[in-house]
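Here is what each chain is made of, one letter per residue.
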Number of protein chains: 2
Amino acid sequence: NKLAPPLNPQTKKPAVAEDFLPIFPPALIEQEMSMERYIEIPEEVMDIYKTYRATPLIRAYRLEDALNTPARIYFKYEGATPSGSHKLNTAIPQVYYNKAAGIRRITTETGAGQWGAALSIACKSFGLDCTVYMVKVSAQQKPYRKLFMLTYGAQVFSSPSENTAAGRHVRKTDPDNPGTLGIAITEAVEDAIGHSNTNYALGSVLNHVMLHQTIIGQEAITQFGLIDEYPDVVIGCCGGGSNFCGIAFPFLKDRLEGKRDTEFIAVEPSACPTLTRGKFAYDYGDTGMMTPIINMYTLGHNFVPDGIHAGGLRYHGDSALLSQLCYDGFIGAKAVHQTDVFKAATLFAHTEGILPAPESGHAILAAIEEAEQCKHTGQEKTILFNLSGHGFFDMAAYDAYQSGLIKDVPFSDEKLARGLADLPQV
Amino acid sequence: NKLAPPLNPQTKKPAVAEDFLPIFPPALIEQEMSMERYIEIPEEVMDIYKTYRATPLIRAYRLEDALNTPARIYFKYEGATPSGSHKLNTAIPQVYYNKAAGIRRITTETGAGQWGAALSIACKSFGLDCTVYMVKVSAQQKPYRKLFMLTYGAQVFSSPSENTAAGRHVRKTDPDNPGTLGIAITEAVEDAIGHSNTNYALGSVLNHVMLHQTIIGQEAITQFGLIDEYPDVVIGCCGGGSNFCGIAFPFLKDRLEGKRDTEFIAVEPSACPTLTRGKFAYDYGDTGMMTPIINMYTLGHNFVPDGIHAGGLRYHGDSALLSQLCYDGFIGAKAVHQTDVFKAATLFAHTEGILPAPESGHAILAAIEEAEQCKHTGQEKTILFNLSGHGFFDMAAYDAYQSGLIKDVPFSDEKLARGLADLPQV
């Protein structure tokens, strides 16, 4: 099924290219709306990709041994990029197209900091200024992430900030507000609209972001081809959907064309179960209702998830492309608990050596559960998951887990109902 | 010239294999004393190497552009390993040979934490226990490094600790002592000698460590061969010498055989200028005078360098192999100031994206100086340096640099004279 169109937040009529022009460059708007299957990667973007790509496709032999499973487990490792995650894959082309359009500064929001770090590096590479609104509680919990962005020359505000009308409003009416991605997006968009030569960039959710991330899956297909393999199951963690769609979409093409019957699993936290408990409906992308209204799985734009350590997965909505594919049954989803995630991530670290980001731990857990299933059924499935980032900035979270300080918070129906009560009438 | 033999610290006579048996397994002692040019890598070690090797050899096109140099700059990137540095290359075989000898626990010291992190991962991989004595001031400055080791199941003591007689002695006589690598080594050795099934492991200096690290240079030769290139200059930072020797020795073979005239530069901090200001003489490897006496460049085993941010380069001595090769004129050395290092490391981060460890920043600075020289002479030199580790755990240091809080401390002749006054009479 085709996507339902995004709606203009004021008129609630289908958005046209002009609606996006105040914050995005023409080339990205064209990609956002394109029906083309493939879009060429510009040479200048490839030049920077080459500094860290192709990322390795690694077979987790030692994890397989520990699980004593007949399954073959592979992972694509995006954590060895300069920014430490897959986010750089879209930061580079987004900055490139903005620069080509004459833009001199880019604003954005960041939660855990992976996206802000990536955009800071990309802006520095192309000589653009970068302003990041970092969710206040994350900035406090992860001071190193903030210092990382400063090292790459970015300007970093804790959100809600005094720098925007939206931020000042929250600080006045709710002085203890710890910040959310929704508020930070509103601040970054307001900043971009209010300044000349300034655009806004988003690290997930939008179609052009998913497009840029498909380089992960494209590479994986080539790499599997070299060893004459193909995955039976493709797994990724899911916040807004970009690392999941990045690895899944190229394989999904084969399935949609009837060549393969690969299974796809998007893994989300139980504390923010957008795909598994949310509603497939039109909703705003931000708390301030400034973004277009998108048809997606959502928990409501005012939903505030509990403070789990996987800050990158605490978004109320999801990619429209991913949502439609889930709704149509091509992609499966599951929600998992935080303590199980850290247990799986620690087992992975102990066997494969690499310390995963808590976000990526969600994908690891699902891969392990799949491999354990194979042990019972005897199936020799080939499992692929995306290890979207390293956990070097998440040591406090691992410490909390090992000290027994992490608890799983049950997701309440009341909370869901409150979130969904705010959906816009369209 | 052949190496002068290590001496037994009690008898001061040439050490024999038996002298090392209380703390090292037979296979590593054999490697330490071997005259073989090549030693086979065991399959079990290769299996783990394969989870992260070969590491990439990357041409720094964007750094070249920024410098506007005719030189071609390549770097071997060891920072994308699970431990974040080259240290894992020797941790894995050391733990493997210890396990083969029936050892169940390994003790070690760590300064900045790169070595302790690597040994923790390797011990967990082979199922051995790991005890790390971490220099107290580093443990306070880098809490994430300590948490990293704990996540891999290691036991971590701040050194000087209450766990050894040597540590208790320092704590009693000098309660404010911030710890040094020399003291931490003494503690780790005492712990190993005093417990059954327990050995000690060292992350640098010894011959077998240099041997294990040569996989870096061996890979680089193969990778250069694929693009029909060969370096005119090979550069590495230098504390005990392991990352430098790892990349340099395989290329040095061609030079010693008269096939190439490659230049080699070991780069050390001005605050701890072992190769450039130290004496080529016999000295202890540790403050407690428990290790064999080694013929090497040294600043004296009681020398306490200023608290620079490149904690991995604050060792009073150097590899005997490297020292002899420097003494004989095959390897050059230079000492550089900390502020220049951070300036170079920041330029590298801004152009190539990767945030380097302050230690590795020393090699970057020397490579940049070499490339700038080429700009003046017009020479199109091929420059290779080893990017030994990432700087994700060093954000506080980068913050201090950007805030103008880092000062260069001049190295005093008095300090040098005091250190050298303590050399043993042999």
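So, here's what we can say about the structure. Computed from a prediction, not measured in an experiment: that's the story for all the values here.

### Thoughts on the relation of the copies chain A and chain B
Step number 1: Rotating chain A by 180° about the axis while translating it 0.0 Å along that axis superimposes it on chain B, leaving an RMSD of 0.0 Å. In the structure described here, the two chain copies are related by an operation that fits a two-fold rotation axis. Taking C-alpha positions as reference, the residue of chain A nearest the rotation axis is Ala80(A), located at 2.7 Å.
Step number 2: The overlap is high: 100% of the interface residues of chain A also sit at the interface in chain B, so the same surface is used on both sides.

### Let's talk about helix 18 (residues 395-402) of chain A
Step number 1: Turning to helix 18 of chain A, its buried residues are Met395(A), Ala397(A), Tyr398(A) and Ala400(A).
Step number 2: In this structure, the buried side of helix 18 of chain A is in contact with helix 16 (338-352) of chain A together with helix 8 (143-151) of chain B.
Step number 3: Gly404(A) lies just past helix 18 of chain A and shows a positive phi near 75°.

### A word on the side chain of Gln324(A)
Step number 1: Within the secondary structure, Gln324(A) sits in helix 15 (residues 320-327).
Step number 2: Once residues lying within four places of it in the same chain are set aside, the contact partners of Gln324(A) are Asn1(A), Lys2(A), Leu3(A), Ala4(A), Phe280(A) and Asn295(A).

### Structural notes on the sheet that holds strand 12 (residues 382-387) of chain B
Residue and element names in this part refer to chain B.
Step number 1: Strand order in the open sheet made by the six strands is 1-2-12-7-8-11, with mixed pairing throughout. Lying at the two open borders of the sheet, with one neighbouring strand each, are strand 1 (57-59) and strand 11 (332-336). This sheet shows a mean twist of 25° between the axes of neighbouring strands, independent of strand direction.
Step number 2: Sheet analysis places strand 7 (residues 233-237) next to strand 8 (residues 263-269), joined by five bridges and oriented parallel. Bridged to Val-233 within strand 8 is Glu-263.
Step number 3: Each of strand 2 (72-77), strand 7, strand 8 and strand 12 is contacted by helix 13 (residues 242-256), which is oriented at about 160° to strand 7, the strand it contacts most.

### Concerning the pattern of salt bridges
Side-chain pairs of opposite charge can arise whenever the charged atoms involved come near each other.
Residue and element names in this part refer to chain A.
Step number 1: What the rule picks out here adds up to 30 salt bridges over all chains.
Step number 2: With a shortest N-O distance of 2.8 Å, Glu-219 and Lys-76 are connected by a salt bridge. Of this pair, Glu-219 sits in helix 12 (residues 215-226) while Lys-76 is found in strand 2 (residues 72-77), placing the two residues 143 residues apart along the sequence. The pair Glu-219 / Lys-76 is uniform in exposure class, with both members buried.
Step number 3: Taking the shortest distance from any N to any O, the salt bridge between Arg-277 and Asp-413 comes out at 2.6 Å. Separated by 136 residues along the polypeptide, Arg-277 in helix 14 (residues 274-277) and Asp-413 in helix 19 (residues 413-420) bring together distant segments of the chain.
Step number 4: Of the residues examined, Arg-277 reaches a relative accessible area of 33% and is grouped as partly exposed.
Step number 5: Overlapping salt bridges, with partners in common, bring together Arg-37, Lys-253, Glu-257 and Lys-259 in one network.

### Points about the interface of chain A and chain B
Step number 1: In this complex, chain A contributes 32 residues to the contact, which on the side of chain B involves 32 residues.
Step number 2: Counting the surface lost from both chain A and chain B, the interface buries some 3,200 Å², and carbon and sulfur atoms represent 62% of this.
Step number 3: Per-residue buried area on chain A facing chain B is highest for Tyr144(A), Thr151(A) and Phe392(A); these three make up 22% of the total on that side.
Step number 4: Here chain A and chain B share zero salt bridges between them.
Step number 5: Here chain A and chain B share ten residue pairs in polar contact (both at pLDDT 80 or more) between them.
Step number 6: Elements with a minimum of two residues in the side of chain A that touches chain B: helix 6 (114-126), helix 8 (143-151), helix 16 and helix 18 of chain A.
Step number 7: Classifying every residue of the side of chain A that touches chain B by side-chain character gives 18 nonpolar, ten polar and four charged.

### A closer look at the pairing of strand 7 of chain B
All names here are of chain B.
Step number 1: Summarising burial for strand 7: five of the five residues are buried, a large majority.
Step number 2: Side chains of strand 7 alternate between two faces, with Val-233, Ile-235 and Cys-237 and Val-234 and Gly-236 buried alike.
Step number 3: Of the pairings in the sheet, the one linking strand 7 to strand 12 comprises three bridges and is parallel in character. Paired with Val-234 across the bridge in strand 12 is Leu-384.

### Examining the sheet that holds strand 5 (residues 155-159) of chain B
All names here are of chain B.
Step number 1: Strand order in this open sheet of four strands is 5-4-3-6, and the pairing throughout is parallel. Of all the strands in the sheet, the pair left with one neighbour each is strand 5 and strand 6 (198-200). Each strand axis lies, on average, 20° off the axis of its neighbour in the sheet, ignoring direction.
Step number 2: Relative to strand 6, strand 3 (residues 105-110) runs parallel, the two sharing three bridges. Paired with Ile-106 across the strands is Asn-199, a residue of strand 6.

What counts as what
Residues numbered from 1 in each chain as written. Chains lettered and ligands numbered in written order. Predicted model: local features only at pLDDT ≥ 70, side-chain atom pairs only at ≥ 80, totals over all residues. Heavy atoms only, no water. Least-squares fit on C-alpha atoms with pLDDT ≥ 70 in both. Contact = heavy atoms within 4.5 Å. Buried < 20%, exposed > 50% of the residue type's maximum accessible area, 1.4 Å probe, protein only. Helix = DSSP H or I, 4+ residues; strand = E, 2+ residues; numbered from the N terminus. Pairing = 2+ DSSP bridges. Axes fitted to C-alpha atoms, helices over the stretch in contact; angles between N-to-C directions. Salt bridge = Lys/Arg side-chain N within 4 Å of Asp/Glu carboxyl O. Buried area = accessible area lost by both parts, 1.4 Å probe. Polar contact = N/O pair within 3.5 Å; in protein donor to acceptor, adjacent residues only side chain to side chain. Nonpolar A, V, L, I, M, F, W, Y, C, P; charged D, E, K, R; others polar.

Shape is all these values report; function is a separate question.
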